[in-house]
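Listed below, chain by chain, are the residues.
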Number of protein chains: 2
Amino acid sequence: MPRDGSATRIRILDAAERLVIDSGYAATSIDQVIAAAGSSKGSFFHHFSSKADLAEQLVRRYAEADVGVLQEGLDVVAGIDDPRARLLAFMAHFEDHADEVMGSQSSCLYVAVLTERQLVGSDTAVPILGAVRAWRQAVADLLRGALGDSDHDVDALADHLFVTFEGAFILCRATGDPGHMRRQLSAVRVLYEALTSQSRSE
Amino acid sequence: MPRDGSATRIRILDAAERLVIDSGYAATSIDQVIAAAGSSKGSFFHHFSSKADLAEQLVRRYAEADVGVLQEGLDVVAGIDDPRARLLAFMAHFEDHADEVMGSQSSCLYVAVLTERQLVGSDTAVPILGAVRAWRQAVADLLRGALGDSDHDVDALADHLFVTFEGAFILCRATGDPGHMRRQLSAVRVLYEALTSQSRSE
């Protein structure tokens, strides 16, 4: 373990992330986090001043990872010249990783955080907005390339991918079937495919 | 007030629904519900045996209203003969009512309930699954009419409307802009429009 205790900090964040995603933020106590992390009150308060501070660091880390996942998808398709093929390969990349995502988390931290009024509109939620904007801009660029000039609300069509991720997490929970994430991402690929094929033939 | 106190029951359910949607289920206490409803402990426990019982009745009522909203949309477009025009008018109906929905509720009770592990997989969540299936079946019927024979995963394309509603609630919360509900429903109409136009020209 590094002398600054960063391994402990990460272990606490990992445990807290699992608990908050599984059970919600209000239903998760500091004691539960400490127990799940195999840590102590002393260690916890060395790294986090309060539950609110934990939430803030948790969301910041999660949003950074989320933007990292976006960047990975962009990197994978960066070499594809045809704009429409690039958009569709970008979508297929997330489809291919959907089962893996659902194997490692049962829902999205954003959903858990945004369900609680005390966190909505607070500094805690700011990194979520940053991630929303990063996805919007990247997907809108891909869509604009594939659509060419169009009258479409490209930002809304781009936000639709974020909306699909979040909504699919809810559908997986409602049905108990994590396979819906892959099927929903596949549905959006098919829909983007139809939209961009249509605009070419116009 | 009717002698059976049903007006009190409705007032308590209305207050609880607002609180749970706004703040989450775990963060909402029976005392808060009683205060918000202007009721009393005696009244509350006359109608609800526990917080879990309240949650169950709340979800059942909300899911029934949700299926009612679906049925209203189906009724509005029932007279339209052309299957594709019927599907698109069905979508436009929800777009037209999106601002009204977002004016009356800040998010979806399903999101609040499904965020909490203690409720997921319990009897409380059963009516949500019923609503998911009702939307799936109705939208799949509309899509099949508009698509004709196709290799598409029609159930996933139909679930996509439920996913859009839930995901758009999250996007509205993340951005603080309730206008995203209308824009997201409009995006799905445009995408369904492209998909069903493509299949006609094939």
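Keep in mind it's a predicted model, so treat the numbers as computed, not measured.

Trainee: Before we move on, can you summarise the UniProt feature "DNA-binding region" (unreviewed entry) in chain A with the specific residues and values?
Mentor: The UniProt entry lists residues 29-48 of chain A under the feature "DNA-binding region" (unreviewed entry), expressed in the numbering used here. The distance from the first to the last C-alpha atom of residues 29-48 of chain A is 13 Å, and the span holds 75% helix and 0% strand.

Trainee: With reference to specific residues and values, describe the environment of arginine 61 of chain B.
Mentor: When you line up the elements, arginine 61 of chain B lands in helix 4 (residues 51-77). Discounting residues that sit within four places of it in the chain, arginine 61 of chain B has contacts with Ile10, Leu13, Asp14 and Glu17 of chain B.

Trainee: Which residues make up the pattern of salt bridges, and what values go with them?
Mentor: Summed over all chains, the structure comprises 22 salt bridges over all chains. Salt-bridge contacts for glutamate 193 of chain A lead to arginine 189 of chain A; the nearest nitrogen and oxygen are separated by 3.3 Å. Note that glutamate 193 of chain A and arginine 189 of chain A are positioned in helix 9 (residues 180-201) at a spacing of four residues, about one turn of the helix. Put simply, arginine 182 of chain B and aspartate 99 of chain B hold a salt bridge, and the shortest N to O gap is 3.6 Å. Of this pair, arginine 182 of chain B sits in helix 9 (residues 180-201) while aspartate 99 of chain B sits in helix 5 (residues 83-104), and the two are 83 residues apart along the sequence. Judged by its relative accessible area of 36%, arginine 182 of chain B is partly exposed. For aspartate 99 of chain B, a relative accessible area of 45% gives the class partly exposed. Each of Asp14, Glu17 and Arg61 of chain A takes part in one network of salt bridges that share partners.

Trainee: Could you give an account of the relation of the copies chain B and chain A, naming the residues involved and the relevant values?
Mentor: Mapping chain B onto chain A is achieved by rotating through 180 degrees and translating by 0.0 Å along the same axis, at an RMSD of 0.0 Å. Classification of the inter-copy transformation places it as that of a two-fold axis. Among all C-alpha atoms of chain B, that of glycine 167 of chain B lies closest to the rotation axis, at 1.9 Å. The residues that chain B uses at the interface reappear at the interface of chain A in 98% of cases, marking a shared surface.

Trainee: Provide a residue-level description of the packing of helix 5 of chain B against helix 8 (residues 154-175) of chain B, including the pertinent values.
Mentor: Residues and elements named next belong to chain B. Viewed as axis vectors pointing N to C, helix 5 and helix 8 meet at an angle of 30 degrees, and their least axial separation amounts to 13 Å. By the angle between their directions, the pair helix 5 and helix 8 is classed as roughly parallel. The way helix 5 lies across helix 8 gives a crossing that is right-handed. Contact residues: helix 5 offers Phe90, Met91, Phe94, Val101 and Met102, while helix 8 offers Leu161, Phe165, Phe169 and Cys172. Within the contact of helix 5 with helix 8, the residues separate by chemical class into nine nonpolar, no polar and no charged.

Rules used in this analysis
- Residues numbered from 1 in each chain as written.
- Chains lettered and ligands numbered in written order.
- Predicted model: local features only at pLDDT ≥ 70, side-chain atom pairs only at ≥ 80, totals over all residues.
- Heavy atoms only, no water.
- UniProt positions renumbered as here; feature names shortened; annotations may be inferred.
- Helix = DSSP H or I, 4+ residues; strand = E, 2+ residues; numbered from the N terminus.
- Contact = heavy atoms within 4.5 Å.
- Salt bridge = Lys/Arg side-chain N within 4 Å of Asp/Glu carboxyl O.
- Buried < 20%, exposed > 50% of the residue type's maximum accessible area, 1.4 Å probe, protein only.
- Least-squares fit on C-alpha atoms with pLDDT ≥ 70 in both.
- Axes fitted to C-alpha atoms, helices over the stretch in contact; angles between N-to-C directions.
- Parallel < 35°, antiparallel > 145°, perpendicular 65-115°, else oblique.
- Left-handed = near helix turned anticlockwise from the far one by under 90°.
- Nonpolar A, V, L, I, M, F, W, Y, C, P; charged D, E, K, R; others polar.

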